[in-house]
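Examination of the molecular architecture
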Amino acid sequence: MECSGIINHCPNSVSGVSAHIFLTLINTLMSSKCQISSKEKYPVDSRTELKDHDEFDFIVLGAGSAGSVVANKLSENSNWKVLVIEAGQYPSPSTEIPSLLFSLQQGEDDWQFTTEPSDKACLGFKNKRCRWPRGKCLGGTSAINGMLYIRGNKRDYDQWAQDGNDGWDYESVLKYFIELEDLQAEQLKNSTKYGRGGFLPLSLYNSQQPIKEMLKESARVLGYPSLLEEDNLGYFESLQTVEKGIRANAGKVFLGKVKERSNLVVAMNSVVEKIIIDDTNTASGVVVAVGDKKLTIKARNEIIVSGGAIGSPQILMLSGIGPKQHLQSLGIDVIQDLKVGENLQDHEFYLGFYASIDETAVPAKDNVIDELYRYFMYQEGAAAQIGITNLVGFINTRNDSNYPNIQLHHVLYEKNDKYLLPEILRVTGVIDEIAAIEMQTNQQSPTFNILPTILNPKSRGRILLKSKNPHDKPLIYPNYFEDPEDVEIMLEGIKFAQKQLETEPLKQHNPQIVDLKIPGCENFEFKSDDYWRCALSRLGTTVYHPVGTCKMGPKADLAAVVDARLRVHGVKNLRVIDASIMPNIVSVNTNAPSMMIGNKGATMVMEDWGYKHDEL
Ligand SMILES: Cc1cc2nc3c(=O)[nH]c(=O)nc-3n(C[C@H](O)[C@H](O)[C@H](O)COP(=O)(O)OP(=O)(O)OC[C@H]3O[C@@H](n4cnc5c(N)ncnc54)[C@H](O)[C@@H]3O)c2cc1C
């Protein structure tokens, strides 16, 4: 009885020493939370100060991974007035907490694109569409991504150069990675590979889960070494764009850290509708929707399109630069007939390789409340990490090369997981029947995904405008598995994962691949090649790396949109600088390469306008 008396009176007990101590604790937690997601780390939103016919030297369209780097570099020259226009807002507080990465999809920071239906892919997702998240906030997709930082291998960039893009070979691009980097990982303190002192913090959060070592050991048994830092083939824990337990998105890092520069103006919540191109085919300004106002802003020198692999082709096409027939069919005047939106490439992974494992392999984490306390007080512990998701493996299933054709990603779910598994199933839009089986299995034992990812797909997709309305989402046709060779390579990736489960380090914990009873694949023997081929058409989806829709290439390359200095062919004072310029997709996660493109692209702009960067 006494006890219930205390409870009844508790809400009134805000006096006395115990209440004082308690409120101090709450206050401390609140102020710590404010520190984690403080707007002070970002530049001020100056959209309300923009006026019709304002002039800037450079206008950067999009403040994502590449655009933030571009604006940072150009505004280094205090004589240049630089405007960055970003459709999104400040990133939401959730973006700052690494472990919440999957919850950011389908939320306010995400454009929430979906693919157009196809009979070869995405059939196991709601409405037969794969969901394509893209960041719509300062920092762009770097504010909602997995934070893995991997530069990629030499062959990728050397191929770009061989295809006629001078200056893009690995030796030449390396310095543009290094200049951005600030290696803070204690575990790699002796590394000579990464830069120090750049804007971009890179840290390493080693997951303590024993299954991570088992996965590495099983790969070792199959011939792939465990590495300390990235290399062509093997398994390693990736560096992450995280600083002291908080996400380091490109907007915070490259714009926030230079927010005192008076020549750098950032307008958020502002959607670029089109680029104005005059009679001499020169880009001279942009039309931008700021709330219900429509402003024309002039560029004295150049306009740089950094809207990402979907946004950039959309902006160009709306401005009359794109495939003639497509633009004409929508009533858009054609200024330059180029293959904008074509050459779409993505890394697709298989989301259905889902296995249960004995609890001995996955000890439960500390109490969730303790973990949250640790995070909000000290930005440490499980909430500061992404579990075993920073473990990546690069393999070649054909063993004919020193370069990978498959990457393995991993996600682990503790038994009866109440957060991660439901979130992943929700945001990817896996159909209910399959999601229910995954949830039921996880109630009985821990589970995990091995996610084989195709690195150099042969299939090519395209982006088309839905209409000439700039606020309509474009149509995305990834054409996954259009080339049957892509299915076979993915099948080889799945078989590698299967073999991993049969190696001693994992086998002793009794891993069992779960039969997801995938609708449409019931007639195939579970785990047969034809079963997997069918399953791929159901549960293959994006690992979020669309690129290539404004392809870089010489004029002789009829598919090229920009030249090797990233200038749009046939249009003056207009460049594209972001992931969309990749002629071929890199064999690695695309954020570091996008930021490198931003850095190299901006350096070329500076050279062309007569400003030399001292440090390069
Ligand atoms: C869920 C997810 C996880 C990922 N994980 C990783 C990872 O762990 N490691 C990795 O290397 N890569 C990862 N990636 C991919 C990587 O983040 C992207 O390749 C990279 O951020 C692309 O950079 P970008 O500059 O080309 O485009 P973005 O960063 O997307 O920038 C484009 C910007 O332009 C803005 N914009 C577009 N259109 C307009 C318009 N009309 N007007 C104004 N603004 C506009 C957008 O809002 C956005 O801010 C992930 C991606 C996703 C979605």
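The following paragraphs examine the structure supplied in this document.

Each value, and the rule that gives it
Residues numbered from 1 in each chain as written. Predicted model: local features only at pLDDT ≥ 70, side-chain atom pairs only at ≥ 80, totals over all residues. Heavy atoms only, no water. Near = heavy atom within 4 Å. Polar contact = N/O pair within 3.5 Å; in protein donor to acceptor, adjacent residues only side chain to side chain. Helix = DSSP H or I, 4+ residues; strand = E, 2+ residues; numbered from the N terminus. Nonpolar A, V, L, I, M, F, W, Y, C, P; charged D, E, K, R; others polar. Phe/Tyr/Trp six-rings, centres within 6.5 Å; stacked < 30°, edge-to-face > 60°. Buried < 20%, exposed > 50% of the residue type's maximum accessible area, 1.4 Å probe, protein only.

Looking now at the site of the ligand. Among the 39 residues in the neighbourhood of the ligand, the closest are listed as S65, E86, T141, T590 and N591. In the environment of the ligand, an oxygen atom lies 2.7 Å from a nitrogen or oxygen atom belonging to the side chain of S65. M147 is positioned with one of its backbone polar atoms (N or O) 3.1 Å from an oxygen atom of the ligand. Looking at the shell around the ligand, the elements that each hand over two or more residues are helix 3 (65-74), strand 13 (270-277), helix 8 (308-318) and helix 16 (591-608). Taken together, the residues of the shell around the ligand break down into 15 nonpolar, 20 polar and 4 charged.

Turning to the packing of aromatic side chains, a few remarks are in order. Within this structure, the stated rule accounts for 20 aromatic pairs. Note on Y157 and W160: the rings are 5.1 Å apart at their centroids and 70° apart in plane angle, and the pair reads as edge-to-face. Of this pair, Y157 and W160 both sit in helix 4 (residues 154-162), 3 residues apart, which is roughly one turn of the helix. Judged by relative accessible area, which is 0%, Y157 ranks as buried. Residue W160 is classed as buried on the basis of its relative accessible area, which comes to 0%. Taking 5.1 Å as the distance between ring centres and 80° as the angle between the ring planes, the aromatic pair formed by F526 and Y531 counts as edge-to-face. Looking at F526, the relative accessible area reads 24%, which means it is partly exposed. For Y531, a relative accessible area of 4% translates into the label buried.

Another point: the side chain of K73. Looking at where K73 falls in the secondary structure, it is placed in helix 3. In this structure the side chain of K73 is engaged in a polar contact, spanning 3.3 Å, whose partner is the side chain of E179.

None of this, on its own, says anything about what the molecule does.
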